[in-house]
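# Chains, contacts and geometry: an overview
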Amino acid sequence: KLFRYFIPLVILLVSFIYRFYGLWNNHPFWVDEFSSAQQANLLLQNGSNALNNPFINIEQHNLITPSIIAFFFKLLGRQEWIARLPFSIIGSFVPVLMYISGQKIYDSRTGLVAAILTSLSYFQIVWSRQARGYVLAQLLILITFLLYLRIKDSLANPKDTNLKINVVLLATIVVISLLAHGLYL
């Protein structure tokens, strides 16, 4: 049973290493990263008033990303690598969920190949090193998909008592995802 968690942990570790290596070099923000950090600063300065102030421009379709950055800024200070840190963490979990998805739909080998490709993908690594919500959207979409599969399995098995819990979890993830980014739609 312990071996069941070994492969996902190795995938997480490899993904973590690739996404964190060089993160603290503090490269300047790209244009879209700058807007996320600026919105995080506005949230820190104005709190929830930033959302209804007509003189402050907060992306209404992307509330969670600057909120996460603001939290990390408050916790660790305001630097470029700190704005990118939470998305490196989130991005490390995407290959693990790819493994679980591939395993659930096909088999362990398919899940492992999907996880390896996702772990080592240049684009996935770059997205995970940016202070933008792209990997957050990916993670939430994968969680939604896995919850959908669990609900589907629960409906097929009348003895499964987790149907209500899974439906509530799915509804919660959908709401969070819609607040995270319009890309979720």
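Residues numbered from 1 in each chain as written. Predicted model: local features only at pLDDT ≥ 70, side-chain atom pairs only at ≥ 80, totals over all residues. Heavy atoms only, no water.

All right, on to the side chain of Ser 15 then. Mapped onto the elements, Ser 15 comes out in helix H1 (residues 3-20). Excluding residues within four positions of it along the chain, Ser 15 makes contact with Ser 92, Pro 95 and Ser 119. (Helix = DSSP H or I, 4+ residues; strand = E, 2+ residues; numbered from the N terminus. Contact = heavy atoms within 4.5 Å.)

The N-to-C vectors of helix H4 (residues 80-105) and helix H5 (residues 108-120) enclose an angle of 160°; their axes lie 7 Å apart at closest approach. In terms of orientation, H4 and H5 fall into the roughly antiparallel class. Crossing geometry of H4 relative to H5 is assigned as right-handed. Side by side, H4 and H5 meet where Val 94, Pro 95, Met 98, Tyr 99, Gly 102 and Gln 103 of the first sit next to Ser 108, Thr 110, Gly 111, Leu 112, Ala 114, Ala 115, Thr 118 and Ser 119 of the second. The residue inventory of the contact of H4 with H5, partitioned by class, reads seven nonpolar, seven polar and no charged. (Axes fitted to C-alpha atoms, helices over the stretch in contact; angles between N-to-C directions. Parallel < 35°, antiparallel > 145°, perpendicular 65-115°, else oblique. Left-handed = near helix turned anticlockwise from the far one by under 90°. Nonpolar A, V, L, I, M, F, W, Y, C, P; charged D, E, K, R; others polar.)

Bringing the packing of aromatic side chains into the picture now. How two aromatic rings sit relative to each other is set out by the distance from centre to centre and by the angle between their planes. Tallied over the entire structure, the rule returns four aromatic pairs. Geometrically, the ring pair formed by Phe 16 and Phe 20 is tilted, given 3.9 Å between the ring centres and 40° between the ring planes. Of this pair, Phe 16 and Phe 20 both sit in helix H1, four residues apart, which is roughly one turn of the helix. Given the relative accessible area of 37%, Phe 16 is considered partly exposed. Ring centres of Tyr 122 and Phe 123 lie 5.7 Å apart, and the angle between their planes is 75°; this geometry places the pair in the edge-to-face category. Of the two residues, Tyr 122 and Phe 123, neither departs from the other in class, the shared state being exposed. (Phe/Tyr/Trp six-rings, centres within 6.5 Å; stacked < 30°, edge-to-face > 60°. Buried < 20%, exposed > 50% of the residue type's maximum accessible area, 1.4 Å probe, protein only.)

The next point concerns the pattern of salt bridges. Scanning the entire structure with this criterion turns up four salt bridges. One salt bridge in this structure joins Glu 33 and Arg 84, with 2.7 Å as the shortest N-O distance. A residue pair is termed long-range when its members are at least 10 positions apart, and Glu 33 in helix H2 (residues 31-46) and Arg 84 in helix H4 qualify at 51 residues. The buried category is assigned to Glu 33, whose relative accessible area is 1%. Of the residues examined, Arg 84 reaches a relative accessible area of 4% and is grouped as buried. (Salt bridge = Lys/Arg side-chain N within 4 Å of Asp/Glu carboxyl O.)

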